[in-house]
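# Summary of structural features
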Amino acid sequence: MTALAQPQNSVKKSFSLGRFTLWVVMAVILFTTLFPFWWVIRTSLTAPDKVFTDPTSLMPVEPTLDNYKRVLGLVDSSASVAAGGSGQSINFFLFLRNSIIFAALITVGQVFFSSTAAYAFARLRFPFRDQLFLVYISALVVPPIVTLIPNFILIRNLEWIN
């Protein structure tokens, strides 16, 4: 039985200023990206009246789960007011169910209509097919924020606000 051969010339990586700088830049980007998420968690675990008592602390001040209980509707309105809330009851699970149903219907509809359009563009030959596909691809390039104001004006003019 032969032993596994060990490499004779093991190359030791030398210190590279460029590699170190890249790691520092990546660490700064990672911190900048993840810190807001940590701050949201930290704030959610802090009692409402304690949020501004020590804003320099990176850890939750007097950690509590009362905020989560209030959102889930597990606290009565008098306790919610005492904790600094409005006392308004929230039916969280009803809203969650409605959101799931709405998202599922939108997803199923989008997949169905997109796949039928893709089949038509890929397999069927019809007049102006290439031009229509170019218009479709061009519409994908437009950022959705550009259409936000015209959509709002339309909804306002139709009196669908509130």
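Quick look at the structure, then. This structure is a prediction, so every number in the text was calculated from the model and none was measured.

### Some thoughts on the packing of helix α4 (residues 92-123) against helix α5 (residues 129-141)
Remark: α4 packs on α5, axes separated minimally by 10 Å, with the N-to-C direction vectors making an angle of 140 degrees. As far as their axial angle goes, α5 and α4 are oblique. Between α4 and α5 lies a crossing of left-handed hand. Residues Ala-120, Phe-121 and Ala-122 of α4 pack against Arg-129, Leu-132 and Phe-133 of α5. Along the lines of polarity and charge, the residues of the contact of α4 with α5 split into five nonpolar, no polar and one charged.

### Regarding the side chain of Asn-67
Within the secondary structure, Asn-67 is located in helix α2 (residues 66-71). Judged by relative accessible area, Asn-67 falls into the buried class, the value being 16%. There is a polar contact of 2.8 Å between the side chain of Asn-67 and the backbone oxygen of Thr-46. Setting aside chain neighbours within four positions, we find Asn-67 in contact with Thr-43, Ser-44, Thr-46 and Pro-48.

### Concerning the pattern of salt bridges
For the coordinates displayed, the defined rule picks out two salt bridges. Put simply, Glu-62 and Lys-50 hold a salt bridge, and the shortest N to O gap is 3.9 Å. One end of the pair, Glu-62, is in the loop between α1 (17-44) and α2; the other, Lys-50, is in the loop between α1 and α2, and twelve residues separate them in sequence. Overall, Lys-50 belongs to the partly exposed group, its relative accessible area being 24%. The salt bridge partner of Asp-130 is Arg-129, with a shortest N-O separation of 3.5 Å. Since its relative accessible area comes to 53%, Asp-130 is described here as exposed.

### Structural notes on the environment of Leu-45
Looking at where Leu-45 falls in the secondary structure, it is placed in the loop between α1 and α2. Aside from chain neighbours lying at most four places away, what touches Leu-45 is Pro-60, Glu-62, Pro-63, Thr-64, Leu-65 and Tyr-68.

### Focus: a nonpolar patch on the surface
Together, Val-142, Ile-145, Val-146, Leu-148, Ile-149, Phe-152, Ile-153, Leu-154, Ile-155, Leu-158, Trp-160 and Ile-161 line one region of the surface with nonpolar side chains, adding up to about 1,200 Å² of accessible area. With a relative accessible area of 39%, Ile-161 lands in the partly exposed category.

Calculation criteria
Residues numbered from 1 in each chain as written. Predicted model: local features only at pLDDT ≥ 70, side-chain atom pairs only at ≥ 80, totals over all residues. Heavy atoms only, no water. Axes fitted to C-alpha atoms, helices over the stretch in contact; angles between N-to-C directions. Helix = DSSP H or I, 4+ residues; strand = E, 2+ residues; numbered from the N terminus. Parallel < 35°, antiparallel > 145°, perpendicular 65-115°, else oblique. Left-handed = near helix turned anticlockwise from the far one by under 90°. Contact = heavy atoms within 4.5 Å. Nonpolar A, V, L, I, M, F, W, Y, C, P; charged D, E, K, R; others polar. Buried < 20%, exposed > 50% of the residue type's maximum accessible area, 1.4 Å probe, protein only. Polar contact = N/O pair within 3.5 Å; in protein donor to acceptor, adjacent residues only side chain to side chain. Salt bridge = Lys/Arg side-chain N within 4 Å of Asp/Glu carboxyl O. Patch = residues over 30% accessible without salt bridge, like charges linked within 9 Å, V, L, I, M, F, W, Y side chains within 5 Å. Areas by Shrake-Rupley, 256 points an atom, 1.4 Å probe, with all protein chains shown as cover.

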